[in-house]
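Structural overview
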Amino acid sequence: DVQLDGSDLREHPEAGSYMYGVFLEGCRWDHKIHALGASLPKVLFTQVPVVHFIPTLDFKGKPGVYPCPVYKVLSRKGTL
């Protein structure tokens, strides 16, 4: 298992990149089912586990899957 903050990542992946340090607002990552779940009571932000992104040429998302944006700031504006 990898630490949520990526502190134990010692090497770059062969392809793609790791993303860490991201937080969710209004939901949480459920480690049991490996999917988003309802927020726990009185918990506004939760940390996302490390994600390994692998680039794909001409990627087309699956029908019915929401292409969720990732914002750099809480105000949800500016550069994505």
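Our structure's up above, just so we're on the same page.
The structure reproduced in this document is the subject of the present report. Every chain begins its residue count from 1, and numbering advances along the sequence as written. The predicted origin of the model limits local features to residues at a pLDDT of at least 70 and limits the giving and counting of side-chain atom pairs to 80 or more, whereas totals for whole chains, interfaces and linings rest on all residues. Derived side-chain values reflect all non-hydrogen atoms in the structure, with water molecules and hydrogen atoms excluded from consideration.

1. Some remarks on unusual backbone geometry
A positive phi is found at His34, a non-glycine position, where the angle reads about 55°. Helix and strand labels come from DSSP, where a helix needs a run of H or I of at least four residues and a strand needs a run of E of at least two; each type is numbered from the N terminus. One can find His34 in the loop between strand 3 (28–30) and strand 4 (35–37). Unusually for a residue other than glycine, Asp58 sits at a positive phi of about 50°. Mapped onto the fold, Asp58 is located in the segment after strand 6 (51–53). Note on Asp58: relative accessible area 67%, which makes it exposed. Residue exposure (1.4 Å probe, protein chains only): buried if accessible area is under 20% of the type maximum, exposed if over 50%, otherwise partly exposed.

2. Brief notes about the layout of surface pockets
Approximately 1,200 Å³ is the volume found for the largest pocket. What lines the largest pocket is a set of 29 residues, and nearest its centre among them are Met19, Leu24, Cys68, Pro69 and Val70. Broken down by secondary-structure element, the contributors of at least two residues to the lining of the largest pocket are strand 2 (23–25) and strand 6. Sorting elements by how many residues they give to the lining of the largest pocket places strand 2 first, with three residues. Across the lining of the largest pocket, the residue classes break down as 22 nonpolar, three polar and four charged. Here a cavity denotes grid points, spaced 1 Å and computed from the protein atoms alone, that fit a 1.4 Å probe unable to get out, and a pocket denotes an open set having protein on both sides within 12 Å along at least 5 of 7 lines; residues with an atom within 4 Å of a point are the lining. Grid points are joined across faces, edges and corners, and a volume is the space filled by probe spheres set on the points. Classes in brief: Ala, Val, Leu, Ile, Met, Phe, Trp, Tyr, Cys and Pro nonpolar; Asp, Glu, Lys and Arg charged; the others, Gly included, polar.

3. Some remarks on the side chain of Asp30
Here Asp30 is to be found in strand 3. Nitrogen and oxygen atoms within 3.5 Å of one another constitute a polar contact, given that in protein one can donate a hydrogen and the other can accept it, and given that sequence-neighbouring residues count only through two side-chain atoms. Engagement of the side chain of Asp30 in a polar contact is seen with the backbone nitrogen of Lys32, the distance being 2.9 Å.

4. Overview of the environment of Phe53
Take Phe53: it is sitting in strand 6. Spatially, the C-alpha atoms of Phe53 and Ser17 are 5.4 Å apart, while their sequence positions differ by 36 residues. Whether two residues are in contact is decided by their heavy atoms, any of which lying within 4.5 Å being enough. With residues up to four places along the chain from it excluded, the contact list for Phe53 reads Ala15, Gly16, Ser17 and Met19.

5. Overview of the side chain of Thr46
Inspection of the secondary structure assignment puts Thr46 in strand 5 (residues 45–47). Side-chain polar atoms of Thr46 contact the backbone oxygen of Cys27, separated by 3.3 Å. Residues in contact with Thr46, not counting those within four places in the same chain, are Val22, Phe23, Leu24, Cys27, Arg28 and Trp29.

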